[in-house]
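As a plain string of letters, each chain reads:
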Amino acid sequence: MDQHPKPNYLPEEHGITRRSFLKFCGVVAGALGLEPVFGPKIFEAFAAGSRPSVLWLHFAECTGCTEAVLRTSSPGFADLIFDTISLDYHETLMAAAGSTMDGILTATAESHRGQFFCVVEGAIPTADGGVYGMIGGRTMLSIAQQICPKAKAIIALGNCASYGGLPAAWPNPTGAMGVEGALGQGLSVPVVNLPGCPPNPVNFVGTLATYLLSGKLPELDDDGRPKFAYAKEVHGHCPYRQDKSRCLFEAGCKGKKTHNNCPSVKFNDATSFPMQAGHPCIGCSEPDFWDTMTPFYLKS
Amino acid sequence: MPDTTATAVKKTKPPKEKPPLPPPVTGNGRVVIDPVTRIEGHLRIEVEIRNGAVAAAWSSGMLFRGVETILKGRNPEDAWLFTQRLCGVCTYVHGSSSVRCVENALGISVPANARTIRNLQMGAQFLHDHIVHFYHLHALDWIDIASALDANPATTAELAKKVSPNAPAIDFSAVQSRLKNFIAGGQLGIFAGAYWPHEAYLLTPEENLLLAAHYLEALKLQVKAGRMHAIFGGKNPHPQSLKVGGVTCRDDITSARISEFRSLLQETRKFIDTVYVPDAVLLAQAYPEWAGMGANGNFLAFGEFPQSPAEPASLYFPQGVIFNRGGPAALNLTSISEHVKHSWYNGETARHPSSGETVPNFTGLDTLNRYSWLKAPRYTGEPLEVGPLARVMVAYKSSHPAVKTAVDGFLKNAGLSFDQMFSTLGRTAARALESAVIAGAMDGWLGALQTGGSLQQSWSMKASATGYGLNEAPRGALGHWIQIQDGKIGNYQMVIPSTWNFGPRCAADKPGPVESALVGTPVADSARPVEILRTVRSFDPCIACAVHVIDPKPDKVYTVRAS
C-alpha cells in the first residue's frame with residue numbers, strides 16, 4: 001500500500017507509523033472537503049522542505065486552545081513540532097524562561113520577517129493602555145503590535161483571539177479584543193480566524209495543510225473563518241436534526257445559528273461532540289457568543 | 001553522583017557547536033523572571049539574591065480578565081460555562097465548583113449516577129493534568145535533553161529495566177536519533193534558550209535519555225487521558241455535559257462507552273504505576289537535596305470525590321487544615337479572608353470573600369507597595385499551601401489507607417524520611433502518588449455506574465438564595481460562592497488554588513506560600529536561575545485561574561480605573 005515516496009526525514013524509527021500519519025492526513029483531507037486521495041498529498045506536503053517557523057503568542061487566555069492542539073494524534077503533537085512546524089516561541093512548552101524568551105521572540109520575528117506564522121491565543125486587553133495584561137514588562141497590546149505585522153500570516157486560534165471571546169463579554173472590563181479588532185485596519189498581514197472554545201485541532205492542522213499544499217491560505221467567510229470548516233451551520237452537520245428524541249433545539253441548542261463542523265469532525269479522535277453528550281450547542285464559534293447566545297438553556 | 005564536568009567535555013559535536021557559555025552571574029541583587037514559562041498563565045517572579053541564595057521573593061500575577069464582573073446579571077445555570085473558561089488546563093474544575101455552588105443555593109442533591117460521572121470526570125482531570133505537569137511543564141527543570149544525545153542506548157535500556165521493569169520496552173536508539181536529527185537540523189524550537197548544560201542538572205546521559213523518551217511517551221498518553229473526558233463530556237478541553245442538577249450524557253452511559261472509558265483508564269493507570277511513579281522516585285534519588293528545599297508547614301484541603309450526599313464526611317480525599325505540619329483540624333470557612341494591600345485593587349482592608357470590595361487600580365509594579373493582580377488569601381491570618389502536598393498530607397495524617405501506602409512506599413524507594421515530603425521534591429512526588437491513588441479508585445467508581453440510572457434532578461430557580469461549592473482542583477482547594485438575586489447572578493466569587501499559593505504579601509506583610517518557599521534556594525547563576533523555577537513550577541501555577549475580582553454589591557456601578 002506504500003506507493004507514495006517515503007519522505008526522507010520521517011523514518012519509521014521516529015515512532016510514527018506511516019499508516020497512522022496517513023490516516024490523520026485522511027481526516028484532515030475530510031475536514032478540508034477533499035477526496036480521500038488527497039490524504040497522501042497532505043502527507044507529502046507535511047513531509048517536504050524545512051519546517052515553517054511558528055511564533056505562538058499567549059495573551060488574555062486560558063491555554064485551552066494550546067491544550068486542544070496537544071490532543072492531536074496520529075501524528076501526535078510531538079510529530080507536529082518535531083517534523084511539521086518549527087515551534088520557535090510558545091510560553092507553555094519552551095525550556096527557556098524570563099528575558100531569554102523576549103530575546104528569542106524578537107530575534108525570530110526579525111530573522112524570519114514575512115516568513116513565520118503567528119498563532120495568537122487569547123484576546124488582547126486594550127483598555128487603559130493595555131495594563132491588564134503584561135509579559136516581560138510590556139503590554140500584550142504592544143507585543144502584538146510589534147510581532148504580528150512581521151508575520152506571513154496570523155492564525156487567531158480560538159474565539160478570544162478571533163473576536164475577543166470570554167474577556168470581551170459584557171461589560172468587557174479590560175477592553176479585550178480579537179487580533180483584527182485590536183490591531184485595526186492598518187494590519188496588512190492576512191488573519192485566519194479559527195474560533196471555537198476550544199477550536200477543533202483538525203481545523204488548525206487543516207489550515208496549515210492548505211497552506212503547505214497550495215502556498216495559499218484557505219478561503220475565508222465574512223467573519224474571517226476558513227470555509228472548509230465554517231461554511232455550514234452546526235445543525236446542518238448534526239446527525240440528530242431529524243430525530244425528535246435527541247434534537248436539543250427546544251433545550252436551547254444554538255446549532256442553527258452557529259457555523260462549525262463539530263458533528264462531522266468531532267473531538268478527541270472522533271470520540272464525541274457536545275450534542276452527542278446530550279448538551280446543547282452554545283454557539284462558541286460565533287462572534288460575541290457569550291452575549292448573543294445567552295441564556296444558553298433557553299430556546300432562541 | 002554523575003560527573004557533569006565530564007559530561008560537558010565528552011559531548012559529541014553537533015554540526016553547530018554552541019559558543020562556550022558566559023561565566024555565571026553571581027553576587028547580590030534582584031533577579032526577575034518574566035515570563036515564567038511552562039505554566040498556565042502570566043506569572044512574574046522577582047527575587048533578592050544574597051550570598052548565592054534567595055533572601056526574599058515576590059510573586060506577581062500579570063493578567064486581569066474580570067470574569068466575576070462579566071457574570072453579574074446572567075442566569076445562574078449558565079455560570080459554569082463561563083467559569084470553566086477560567087482555565088483550559090484544569091478544564092473541568094471551575095465547571096464543577098460552579099454547578100455545585102448553584103445546586104447548594106437551590107438545595108439540590110444530584111442523583112448517584114450523576115455524582116459518579118462527575119467523580120470520574122474530575123478523576124480524569126487529575127490524571128491528565130498531573131501527567132502533563134510532570135513531563136511537559138516540570139521535567140525540563142530536571143532533565144537535560146542535550147545530554148541525552150551522549151547516552152548509550154543499550155545502557156539506557158538496562159536502566160529502564162531497573163527503573164520501570166513493568167513498562168513497555170522503548171527503542172532508545174530511535175528516540176536518540178530523533179532528538180539528534182532535530183537538534184542537528186538547527187531549528188531548536190521549544191528547546192531554544194534552555195539552560196543546558198548547567199551545574200544544577202545532575203542526571204546521567206542515560207537518565208536524561210530515559211526521561212526524554214518518557215516525555216515523548218507522555219505526549220501520546222495524555223491524548224488518551226483527555227479522551228476519557230470526551231466520552232462522557234463530548235470533548236476535551238472544556239467538556240460540555242455538566243448541568244445544574246446533574247449531567248447530560250444519558251446516551252453515553254452504555255456498556256460500550258463504559259468499556260471504552262475503562263480501557264483508556266487502564267492504559268493511563270498502567271503508565272502512572274509503571275512509568276510516572278518510578279520516574280518520581282528516580283528524580284528523588286538523583287536530587288536528594290531538593291527534599292530539603294521549598295518547604296511550607298501550613299496546608300489546606302477542601303477535599304474531593306463525594307461518595308454520597310454527605311459532605312465532607314463521604315469525601316474520598318478528606319478535608320482539613322494543617323498548621324506547622326501537625327494533625328489536620330476541621331475547616332472553618334469563616335476564617336478565610338482576602339487581602340489586597342499589595343495587590344492592584346483599591347483599599348487595604350482584609351475581608352471575608354462574602355463581604356469583599358474590589359476595584360482594580362493598576363499603580364505600576366512596586367515590590368514595596370503593590371505588585372500583583374492576585375489577592376492574598378489567608379486563613380486566620382496565615383498563608384496556607386494548597387494542592388497535591390496539602391491533600392496528601394491531610395489524607396496521610398487522617399490515616400487514608402491508599403495514600404499512606406503510596407507515600408510510605410515512595411519514601412522507602414526514594415530513601416527519604418517522612419519530613420522530607422515537605423519540600424519541592426515532596427510536592428512533585430505527591431502529584432504522582434495521588435494520581436496512582438485516584439486511578440485505582442476510579443476503577444471502582446466506574447464499576448458503580450448504572451446504565452439507565454437517573455442523571456438529573458429537576459429544579460426551579462429561586463428568586464434569591466446564596467450557596468457555595470467547594471472542591472479540589474489538581475492545583476488545590478477551590479471554592480465558588482454565589483448570591484442569587486431576582487433569579488439572576490447578583491454576586492459571584494471564587495477563591496482559587498493558585499491565588500492561595502502565588503498570592504502576594506498580606507496586610508501584615510507576610511509573604512505568600514511560594515514567596516516563603518523560595519527563601520533559601522541556592523542560585524548558581526542568576527542569569528540562568530533554574531533552581532528558582534524548580535520550586536515555582538513544583539506548585540504547578542495556573543495564573544489565569546488565580547486572577548479574579550470580587551464585587552459583592554450588585555447595584556454598584558462597576559468602574560475599572562488605572563492610574
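Structure shown above.
Residues numbered from 1 in each chain as written. Chains lettered and ligands numbered in written order. Predicted model: local features only at pLDDT ≥ 70, side-chain atom pairs only at ≥ 80, totals over all residues. Heavy atoms only, no water.

> Quick question: what am I supposed to make of the overall build of chain B here?
The helix and strand inventory of chain B stands at 17 helices and 16 strands. Taking 24 Å as the expected radius of gyration for a compact globule of 563 residues, we find that chain B reaches 24 Å, a close match to that expectation. In chain B, buried positions account for 66% of the 563 residues. Taking contacts inside chain B between residues at least 6 apart in sequence as the whole, the part at least 24 apart equals 77%. (Helix = DSSP H or I, 4+ residues; strand = E, 2+ residues; numbered from the N terminus. Rg over C-alpha atoms; globule rule 2.2 N^0.38 Å. Buried < 20%, exposed > 50% of the residue type's maximum accessible area, 1.4 Å probe, protein only. Contact = heavy atoms within 4.5 Å.)

> Help me out: how do you make sense of helix α9 (residues 205–233) of chain B in this one?
Side chains three or four residues apart in an α-helix point the same way, a direct result of the helix having 3.6 residues per turn. Residues and elements named next belong to chain B. An ideal rise of 1.5 Å per residue puts 42 Å on 29 residues; α9 measures up with 42 Å between its terminal C-alpha atoms. Buried residues dominate α9, accounting for 26 of its 29 residues. Immediately downstream of α9, the backbone of Gly234 shows phi near 85°, a positive value. (Expected span 1.5 Å × (residues − 1).)

> When you look at the interface of chain B and chain A in this model, what are you seeing that I'm missing?
By a frequent convention, interface size equals the accessible area lost on bringing the separate parts together. At the junction of the two partners, chain B supplies 85 residues and chain A supplies 82 residues. Surface buried jointly by chain B and chain A totals about 6,900 Å² across both partners, of which 59% is contributed by carbon and sulfur atoms. Where chain B meets chain A, there are four salt bridges. For Asp291 of chain A, the salt bridge identified is with Arg74 of chain B, shortest N-O distance 2.7 Å. (Buried area = accessible area lost by both parts, 1.4 Å probe. Salt bridge = Lys/Arg side-chain N within 4 Å of Asp/Glu carboxyl O.)

> Where do I start with the side chain of Glu46 of chain B in this structure?
Residues and elements named next belong to chain B. Mapped onto the secondary structure, Glu46 falls in strand β2 (residues 43–50). Reaching out from Glu46, the side chain makes a polar contact with the side chain of Arg30 at a distance of 2.6 Å. Here Arg44 takes part through its side chain, which lies 2.8 Å from a polar atom of the side chain of Glu46. The residues contacting Glu46, other than those within four sequence positions of it, are Arg30, Val31, Val32, Ala56, Ala57, Trp58, Leu365 and Thr367. (Polar contact = N/O pair within 3.5 Å; in protein donor to acceptor, adjacent residues only side chain to side chain.)

> Which parts of the structure should I look at to understand the packing of helix α7 (residues 153–163) of chain B against helix α8 (residues 172–184) of chain B?
Helix-helix packing: each pair is described by the crossing angle between the helix axes and the interaxial distance. Residues and elements named next belong to chain B. Orientation of α7 relative to α8, taken along the N-to-C sense of each, is 125°, at an axis distance of 8 Å. Between α7 and α8, the angle falls in the class oblique. When the axes of α7 and α8 are compared, the crossing they make is right-handed. Along the contact surface, α7 presents Pro153, Thr156, Ala157 and Ala160, while α8 presents Phe172, Ser173 and Gln176. A per-class count over the contact of α7 with α8 returns four nonpolar, three polar and no charged. (Axes fitted to C-alpha atoms, helices over the stretch in contact; angles between N-to-C directions. Parallel < 35°, antiparallel > 145°, perpendicular 65-115°, else oblique. Left-handed = near helix turned anticlockwise from the far one by under 90°. Nonpolar A, V, L, I, M, F, W, Y, C, P; charged D, E, K, R; others polar.)

> Please clarify how the pattern of salt bridges should be interpreted in this entry.
Side chains that differ in sign of charge can pair as their charged atoms come close. The final tally for this structure, using the stated rule, is 41 salt bridges over all chains. Its salt-bridge partner being Glu110 of chain A, residue Arg113 of chain A comes within 3.0 Å of it at the nearest N-O pair. Of the charged contacts in the structure, one is a salt bridge between Arg44 of chain B and Asp34 of chain B, with a shortest N-O distance of 4.0 Å. Pair noted here: Arg44 of chain B is in strand β2 and Asp34 of chain B is in the loop between β1 (29–33) and β2, with a separation of 10 residues, a long-range link.

> Hey, could you run me through the sheet that holds strand β13 (residues 464–473) of chain B in this one?
Either a parallel or an antiparallel arrangement is found when strands of a sheet pair, and the pairing is made through backbone hydrogen bonds. All names here are of chain B. Taken in spatial order, the three strands make up an open sheet running β13-β14-β15, and their pairing is antiparallel. Where the open sheet ends on each side, the last strands, each with one partner, are β13 and β15 (488–495). For this sheet, the mean inter-axis angle between neighbouring strands, taken without regard to orientation, is 15°. The sheet contact formed by β13 and strand β14 (residues 476–485) spans 10 bridges and is antiparallel. Bridge pairing links Ala473 to Gly476 in β14. (Pairing = 2+ DSSP bridges.)

> Just to check I follow, could you spell out the packing of helix α11 (residues 388–397) of chain B against helix α12 (residues 401–414) of chain B for this structure?
Residues and elements named next belong to chain B. Between α11 and α12, the least distance of the axes is 8 Å, while the angle of their chain directions is 110°. Classified by the interaxial angle, the pair formed by α11 and α12 is roughly perpendicular. α11 and α12 meet at a crossing whose hand is left-handed. Residue-level contacts link Val392, Ala395 and Tyr396 of α11 to Val403, Lys404, Val407 and Asp408 of α12. Considering only residue class, the contact of α11 with α12 consists of five nonpolar, no polar and two charged.

> Looking at this model, I keep getting lost on the pairing of strand β3 (residues 53–61) of chain B. Mind explaining?
Residues in a regular strand point their side chains to alternate faces of the sheet. All names here are of chain B. Most of β3 is tucked away, with eight of its nine residues classed as buried. Inspection of the sheet shows β2 paired to β3 by eight bridges, in the antiparallel sense. Within the sheet, the bridge partner assigned to Val47 lies in β3 and is Ala57. Here β2 hands over to β3 after two residues, with Asn51 in that stretch at a positive phi of 50°.

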